[in-house]
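Spelled out from the first residue to the last, the chains are:
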Amino acid sequence: MESLASSGYPLPINSPAMQILAAVLLLLVLIYLVKFIYAVIWLPRKIESHFKKQGIKGPPYRLIYGNSQEIGQLLKDAASKSIRFSHDILQRVAPHYYKWSAMYGKTVLFWFGSKPRLISADPAMIKELMVNHSGSVIKDAFNPLSKLLFGQGLVGLEGDKWSVHRKISSQAFNMERVKGWVPEIVATTLNELNKWEAQRGGRDEFEIDVHKALQNLFADIICKAAFGSSFEEGKRVYELQDQQAVLALQADRSIFLSSLSSDREEDRLSVEEVIDECKTFYFAGKETTANLMSWTLLLLAKHPDWQNRAREEVFRVCKNQLPNSENLTELKTVTSILQETLRLYPPVVMLLRKTAKNIKLGKLDIPANIEFHLPILAVHHDPEIWGDDANEFNPLRFSERRKPLVPYFPFGLGPRSCVGQNLAMAEAKIVLAMIVQRFSLAISPSYTHTPIRTWTMEPQYGAQIILSRVVNSS
Ligand code: HEM
């Protein structure tokens, strides 16, 4: 005989089948509820108390949102105001850390949703985390958006794959190779400065937003080095998926790409891997270096005494000629100026790490899955490390050989430190030398001091500088 259910009639509410269904549903809801309470209430309380016992405190955990709403509000408020042009910028760039470190100390526990984060400007803790080779501290899983921008290159790789890519990339960026790129860097910079000269159009002085102009210049330089092509051509390597392989193969003439290939089978990257590394170098290399140069020009415009010292050195070392690779080590004042700029305005403001297992850090017990935020900016501005004049621009700090520069790490520390550091410093020295050789710099009245952290730290509304032509009387 046909059952009620199969005949299309609903089951009676008290039938055994309906009762089983209701019981299963109730069980599922209960399991979900228990999991929710465990993850959102019990675990955060347990972690909070675990750290409190070890002397680490922070803003109280708020259900579901953690402290993300407060961070959002603090960042929004900070970004809405400009500040006077001093170098005391922590409050604007990392207002949450500025507020909490004053209340809870150098290491603070806070919550992103129900996920615990430790933010620490303690140099000893940072050093231990960054030089940890045991695999118990990792870079956090790359978010999918970053993957699109960076590709699956060095920045986001872990384990054996990272080791192979790192070894090959380190060879590609060693100092001897970088010296070989100097003529290309000089030619690209000259091309850009000729555009500035054309913009001057015979006037004694003119205003330019150097921030915008430098983004294009450094994109061009990295494209020439990485793709062996111009900015416009190079952009297509990551824009046009279909043509990636073809363009990458065309780019075989690039000095950089040829150094990525190896005679040893195990050290060879596939075409796709080379493309990913090109994307990585493009994104990791252009904005960071362009921002370093924007801040350097702003600082020299603000500190004419240092601008004059830099210019005198450049004329002494390079005469009236274009810089060459031999000049790189001779430009000592220029180097100190760049180092001091990287201290006060590090393009990478914060590093991220995550514990993969329970670890011991000094005396602290740190559970697995704790994300660390390591604010380079806060360490670089700490008066306990740099003295009472920590917020002053003083390149003399770098003029003598210092003791181990652990509290100074604009390029990171340990095995994951910046692989493009030699290239970045060479580019910056050449571009700075060529600019001060031609132009004198002054801050424009339209400039507002608004450092902000996006991918990197940049001037929120540009870097408007008044340029006038330098005539070398020597
Ligand atoms: C002033 C310019 C630059 C600054 C301040 C800078 C800063 C940094 C920092 C702080 C890290 C470490 C990130 C971490 O530990 O999580 C890093 C890594 C990296 N940088 Fe740079 N960088 C600069 C220029 C460049 C250039 C020019 C390139 C390449 C052309 C480059 C490529 C990379 C790559 C591939 C990594 C990842 C290395 C790895 O994980 O093994 N950077 N950079």
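Residues numbered from 1 in each chain as written. Predicted model: local features only at pLDDT ≥ 70, side-chain atom pairs only at ≥ 80, totals over all residues. Heavy atoms only, no water.

1. Here we look at the coordination of the iron atom of the ligand
No other protein atom reaches the iron atom of the ligand as a donor apart from C418 (SG), found 2.3 Å away. Within the secondary structure layout, C418 lies in the loop between α17 (383–386) and α18 (421–438). (Donors = N, O, S within 2.8 Å, 3.2 Å for Na, K, Ca; no water. Helix = DSSP H or I, 4+ residues; strand = E, 2+ residues; numbered from the N terminus.)

2. Quick look at the UniProt feature "transmembrane region" (unreviewed entry) in the protein
The positions UniProt marks with the feature "transmembrane region" (unreviewed entry) are residues 20–43. In residues 20–43, the share of helix is 100% and the share of strand is 0%. The end C-alpha atoms are 32 Å apart. (UniProt positions renumbered as here; feature names shortened; annotations may be inferred.)

3. Comments concerning the pairing of strand β1 (residues 107–112)
Of all the six residues making up β1, five are buried; the element is thus mostly covered by neighbouring parts of the structure. By the bridge criterion, six bridges tie β1 to strand β2 (residues 115–120) in an arrangement that is antiparallel. Its bridge partner lying in β2, F110 is registered against R117. Two successive antiparallel strands, β1 and β2, enclose a turn made up of two residues, where G113 displays a positive phi of approximately 65°. (Buried < 20%, exposed > 50% of the residue type's maximum accessible area, 1.4 Å probe, protein only. Pairing = 2+ DSSP bridges.)

4. What about a nonpolar patch on the surface?
Where nonpolar side chains cluster on the molecular surface, the patch consists of L26, L30, Y32, L33, F36, I37, I41, L63, I64 and Y65 and spans about 980 Å² of accessible area. Checked against the element boundaries, I37 lands in helix α1 (residues 16–53). (Patch = residues over 30% accessible without salt bridge, like charges linked within 9 Å, V, L, I, M, F, W, Y side chains within 5 Å. Areas by Shrake-Rupley, 256 points an atom, 1.4 Å probe, with all protein chains shown as cover. Salt bridge = Lys/Arg side-chain N within 4 Å of Asp/Glu carboxyl O.)

5. Some points on the site of the ligand
Taken together, 29 residues lie near the ligand, and W162, R166, R353, R416 and C418 sit nearest. Here R353 contributes a side-chain N or O atom positioned 2.7 Å from an oxygen atom of the ligand. Elements that contribute at least two residues to the shell around the ligand include exactly α7 (159–172), α13 (271–302), β5 (350–355) and α18. In terms of residue count, α13 provides more of the shell around the ligand than any other element does, seven residues in total. (Near = heavy atom within 4 Å. Polar contact = N/O pair within 3.5 Å; in protein donor to acceptor, adjacent residues only side chain to side chain.)

6. A look at the sheet that holds strand β9 (residues 439–443)
Read from one edge to the other, the open sheet built from three strands follows the order β4-β12-β9, with strand pairing classed as antiparallel. Both outer strands of the open sheet, β4 (205–209) and β9, are each paired with one neighbouring strand and no more. Neighbour-to-neighbour, the strand axes of the sheet open up by a mean angle of 35°, direction not taken into account. Two elements, β4 and strand β12 (residues 464–469), share five bridges in a ladder whose sense is antiparallel. Residue D209 lies in a different strand from β12, and its bridge partner there is Q464. (Axes fitted to C-alpha atoms, helices over the stretch in contact; angles between N-to-C directions.)

7. Regarding the packing of helix α14 (residues 304–318) against helix α15 (residues 332–344)
Look at α14 against α15: their axes get within 8 Å of each other, and the N-to-C directions meet at 140°. Where α14 approaches α15, its residues W306, R309, A310, E313 and V314 are matched on the opposing element by K332, T333, V334 and I337. Of the residues in the contact of α14 with α15, the class split is five nonpolar, one polar and three charged. (Contact = heavy atoms within 4.5 Å. Nonpolar A, V, L, I, M, F, W, Y, C, P; charged D, E, K, R; others polar.)

8. Side note on the sheet that holds β1
Read from one edge of the open sheet, five strands run β1-β2-β8-β5-β3, paired in mixed fashion. Looking at the sheet topology across the chains shown, the edges are occupied by β1 and β3 (137–138). With five bridges joining them, β5 and strand β8 (residues 371–375) adopt antiparallel strand pairing. Bridge assignment links L352 to a residue of β8, and that residue is H373. Along the sheet, α1 makes contact with β1 and β2, crossing β1 at roughly 175°. Where helix α4 (residues 95–104) meets the sheet, it contacts β1, β2, β5 and β8, and its direction lies at approximately 130° from that of β1.

9. Let's talk about the environment of L441
You can see L441 is positioned in strand β9. Residue classification places L441 among the buried residues on the basis of a relative accessible area of 5%. Considering only alpha carbons, one finds L441 and V470, 29 residues apart in sequence, at a separation of 9.6 Å. Sequence-distant contacts of L441, defined by excluding residues within four places in its chain, comprise L297, L300, A301, Q307, R311, I435, I465, I466 and L467.

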